[in-house]
Amino acid sequence: EVLPDRRTFVLPVKLRHSVGKRLPIAGLSSLIAGSAEHLLRLARMALLAPWARQVQVRRLDLSDEALVSLNEQMASDALVHCERSPSQLHWRVETNPKGGCVFWGAWSGDRLLGTLGARSVPLDGGRQALVVMDALVSLPEGKAALRALLWTVLEHAWRERADYVAMTSSRHDLEQELRRAGCRQYAQEFETMGWNCKDEQFRTLVGAKTNSTVSELHTDRI
């Protein structure tokens, strides 16, 4: 069956390739791109970094039982939630032969407020993108956590010299935050995917095109 269309958002990080295509003057294009990159980073720092002081973001241990409480919180929200249990994440991520997926968690004390996982994807010409494979946070109460996680993944992309960060979503509430952070929707022909679901109730809910937490984590892209 066809999985209802999802929406892909892109946030540029490194601009040298795109500017160079439009302004093929090596020295000038590098100067313009470098200046624009730093301005973008400063703007996002002002927008997102302050939220990181309200929560603590660190690498996530996928066996942490705090994930159970986060799933329970998500299940009470007005969206179709696909549970991420510690055992499932261990099987899906840590034993995956493709590897390379990094997960962060946003915490308030010992309470897990949200998670975000991303992996590097090679592009042509030796470039790379950082693709968000999964983002799990309850909104609107988890806004601070989501913004702090977005800042963390953007800084990771900056250090990795990724051209851009991309995320495909089926949640309109989360997409509002992505747009606020400067993400722009990107037409992607592979947003439409086929799926097979044996849970009739869950299949009906997702098929109704309601907001859902189905993500790249559940596809064969990971």
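For the structure itself, consult the block above.
Residues numbered from 1 in each chain as written. Predicted model: local features only at pLDDT ≥ 70, side-chain atom pairs only at ≥ 80, totals over all residues. Heavy atoms only, no water.

A. Spotlight on unusual backbone geometry. Of note, the bond from Leu139 into Pro140 is cis; its omega dihedral lies within 30 degrees of zero at 10°. Within the element layout of this structure, Pro140 appears in the loop between strand E6 (128–137) and helix H5 (143–159). Phi is positive for Arg161, close to 60°, though the residue is something other than glycine. Within the secondary structure layout, Arg161 lies in the loop between H5 and strand E7 (164–169). Take Arg161: its relative accessible area is 51%, and that puts it in the exposed class. (Helix = DSSP H or I, 4+ residues; strand = E, 2+ residues; numbered from the N terminus. Buried < 20%, exposed > 50% of the residue type's maximum accessible area, 1.4 Å probe, protein only.)

B. Representation of the packing of aromatic side chains in the model. The full count for this structure, using the stated rule, is one aromatic pair. Arranged with centres 6.4 Å apart and planes meeting at 65°, the rings of Trp195 and Phe202 form a pair that is edge-to-face. Judged by its relative accessible area of 17%, Trp195 falls in the buried class. The side chain of Lys14 reaches across the aromatic face of Trp158, ending 3.5 Å from its centre. (Phe/Tyr/Trp six-rings, centres within 6.5 Å; stacked < 30°, edge-to-face > 60°. Lys NZ or Arg CZ within 6 Å of the ring centre and 35° of its normal.)

C. Inspection of the sheet that holds strand E5 (residues 111–122) at higher detail. Reading across the sheet, the seven strands line up as E3-E4-E5-E6-E7-E2-E8 and stay open at both edges, with mixed pairing between neighbours. Looking at which strands have only one partner, the edges of the open sheet turn out to be strand E3 (56–59) and strand E8 (184–186). Direction aside, the axes of adjacent strands within the sheet are offset by 30° on average. One ladder, built from four bridges, connects E6 with E7; its direction is parallel. Pairing of Val131 across the sheet is with Ala166, part of E7. (Pairing = 2+ DSSP bridges. Axes fitted to C-alpha atoms, helices over the stretch in contact; angles between N-to-C directions.)

D. How the structure looks around the packing of H5 against helix H6 (residues 172–180). For the pair H5 and H6, the least separation of the axes is 11 Å and the interaxial angle reads 50°. If you check the angle between H5 and H6, you find them oblique. Regarding H5 and H6, the two cross each other, and that crossing is right-handed. Along its contact with H5, which presents Lys143, Leu146, Arg147 and Leu150, the element H6 presents Leu174, Glu177, Leu178 and Arg180. Of the residues assigned to the contact of H5 with H6, the class counts are four nonpolar, no polar and four charged. (Parallel < 35°, antiparallel > 145°, perpendicular 65-115°, else oblique. Left-handed = near helix turned anticlockwise from the far one by under 90°. Contact = heavy atoms within 4.5 Å. Nonpolar A, V, L, I, M, F, W, Y, C, P; charged D, E, K, R; others polar.)

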